[in-house]
Amino acid sequence: MLKLSITEILIKIEREERFHAVASDYSFSIKIDKYVPYVCAAVHDGHHFQKQLWDNCMHTAHDRWYEEDPCTGEMISGLPITLIAHDSRFEYDLNRDPLEAIYETAWGKELWRKPLSRKQKDQAILKHNNFYRVVLSLIVKLEEMFGSTVFYDVHSYNKNRWERKVPIFNLGTHNIDQDKYVHDVQQWKEILDKIELPIEQEVSCEINDVFQGNGYFLKYVTSNSLNTLVLATEIAKVYCDEDSGVIYPEVVHAVKDQFKYYIQAHAHRFYERHERID
């Protein structure tokens, strides 16, 4: 793995180079093993939280972990193109518009003992903006090469806060062209329905059940592309104990192994359907 500036990352994408790098500020990593018409992203995987923010933050490390999406980066790590965030969403949320990316309150609780300085906010938003410079570069390059692409936007959610039975997987589709991509959404749902996990609960996937796909990542990619579908894919936190923070590696690896196979299979079908015909 290399450590590269944003400019160096953008140059490598423009030149269609294969590389695995972490941004020079360690905010995210990018891997391109080969250029393919699909990308996997885990924008809430990060848990890094700058030391200078610790004493000012009223949320504990576990409070933050609880609202992050741990292990989602690991789940997509077997795919050829990945974007994985390393900074916590509590510093800046990559799934929010940059004007709203820095929390004042988080899940009903004040976040900061004293307001962040202008410098701290500017540094956070710079990292947010730099991440999306790379996203845009990927969109442009992959559409140039393939015509149509699909982004798998992987998240997790806390099933225990729901007072009803919730699905293992949820697809949010409110902000995509549901007519154009109806078959692609349905095929991805059917794939997720049949994933096998070492858990007691029956695996199922629903569309717009617990989340509707209103995140900034999906909206940004959709609005800055011509023929790119974003599949906002949520997995319930059946792969960990939400209260204690214990991770169940056998579940994480089951998801990783099946995502590696099924995402490639789904993306292949997507490309056959949409290849340069739109």
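Keep in mind the model is a prediction, meaning the values are calculated, not measured.

1. Observations regarding the pattern of salt bridges
- In this structure the tally under the stated criterion is 18 salt bridges.
- With its nearest N and O atoms 3.1 Å apart, the salt bridge here joins Glu-74 to Lys-256. On the criterion of sequence distance, the pair formed by Glu-74 in helix H4 (residues 72-75) and Lys-256 in helix H8 (residues 249-274) is long-range, its members being 182 residues apart.
- Take Glu-74: its relative accessible area is 31%, and that puts it in the partly exposed class.

2. Considering the pairing of strand S5 (residues 81-85)
- In terms of burial, S5 is a largely internal element, five of the five residues being buried.
- Side chains Ile-81, Leu-83 and Ala-85 of S5 all project onto a buried face; the interleaved residues Thr-82 and Ile-84 project onto the opposite face, where all are buried too.
- Sheet topology note: the strand S3 (residues 28-32)/S5 ladder contains five bridges and is antiparallel. Following the sheet pairing, Phe-28 is matched in S5 by Ala-85.

3. Some words on the sheet that holds strand S11 (residues 228-236)
- One open sheet holds the nine strands; their spatial order is S1-S2-S3-S5-S4-S8-S11-S9-S10, and the pairing between them is mixed. Edge positions in the sheet fall to strand S1 (2-4) and strand S10 (205-207), since each of these pairs with one other strand and no more. Each strand axis lies, on average, 20 degrees off the axis of its neighbour in the sheet, ignoring direction.
- Strand direction decides the pairing type here: strand S9 (residues 169-172) and S10, joined by three bridges, are parallel. The residue bridging Leu-171 from the neighbouring strand is Ile-207, located in S10.
- Where helix H5 (residues 118-146) meets the sheet, its contacts fall on S3, strand S4 (38-42), S5, strand S8 (149-157) and S11, and the angle it forms with S5 comes to roughly 170 degrees.
- Contacting S4, S8, S9 and S11, helix H7 (residues 216-223) runs over the sheet at an angle of about 165 degrees to S11.

4. Comments concerning the packing of helix H1 (residues 6-14) against H5
- Look at H1 against H5: their axes get within 10 Å of each other, and the N-to-C directions meet at 5 degrees. Accordingly, the angle class assigned to the pair H1 and H5 is roughly parallel. From H1, Ile-6, Ile-9, Leu-10, Ile-13 and Glu-14 reach across to H5, where they touch Asn-130, Arg-133, Val-134, Ser-137, Leu-138 and Lys-141.
- Across the contact of H1 with H5, the residue classes tally to six nonpolar, two polar and three charged.

5. Considerations on the environment of Asp-209
- Within the secondary structure layout, Asp-209 lies in the loop between S10 and H7.
- Ignoring anything within four residues of it in the chain, the contact list for Asp-209 reads Arg-164, Pro-167 and Asn-170.
- Polar side-chain contacts of Asp-209 include one of 2.7 Å to the side chain of Arg-164.

6. A short note on the side chain of Lys-141
- Within the secondary structure, Lys-141 sits in helix H5.
- On the basis of relative accessibility, which here comes to 3%, the residue Lys-141 falls in the buried class.
- Beyond its immediate stretch of four places on either side in the chain, Lys-141 contacts Ile-13, Glu-14, Glu-16 and Tyr-35.

7. Description of the nonpolar core
- With 96 residues, the main nonpolar core has Ile-30, Leu-83, Trp-188, Phe-217 and Phe-259 as its most contacted residues.
- Sequence-distant contacts of Leu-83, that is, excluding residues within four places in its chain, are made with Phe-28, Ser-29, Ile-30, Val-39, Cys-40, Ala-41, Ala-42, Ile-76, Phe-131, Val-134, Val-135 and Leu-138.

8. Concerning H7
- Turning to H7, its buried residues number three or more, namely Tyr-216, Phe-217, Leu-218, Tyr-220 and Val-221.
- Tucked inside the fold, the buried residues of H7 contact S4, H5, S8, S9 and S11.

9. Here we look at H8
- The end-to-end C-alpha distance of H8, which contains 26 residues, comes to 36 Å, matching closely the 38 Å that a straight helix rising 1.5 Å per residue would cover.
- Remark: the principal bend of H8, roughly 30 degrees, maps to Phe-259.

Each value, and the rule that gives it
Residues numbered from 1 in each chain as written. Predicted model: local features only at pLDDT ≥ 70, side-chain atom pairs only at ≥ 80, totals over all residues. Heavy atoms only, no water. Salt bridge = Lys/Arg side-chain N within 4 Å of Asp/Glu carboxyl O. Helix = DSSP H or I, 4+ residues; strand = E, 2+ residues; numbered from the N terminus. Buried < 20%, exposed > 50% of the residue type's maximum accessible area, 1.4 Å probe, protein only. Pairing = 2+ DSSP bridges. Axes fitted to C-alpha atoms, helices over the stretch in contact; angles between N-to-C directions. Contact = heavy atoms within 4.5 Å. Parallel < 35°, antiparallel > 145°, perpendicular 65-115°, else oblique. Nonpolar A, V, L, I, M, F, W, Y, C, P; charged D, E, K, R; others polar. Polar contact = N/O pair within 3.5 Å; in protein donor to acceptor, adjacent residues only side chain to side chain. Core = buried A, V, L, I, M, F, W, Y, C linked by side-chain atoms within 4.5 Å. Expected span 1.5 Å × (residues − 1). Bend = angle between axes of the 7 residues up to and from the residue.

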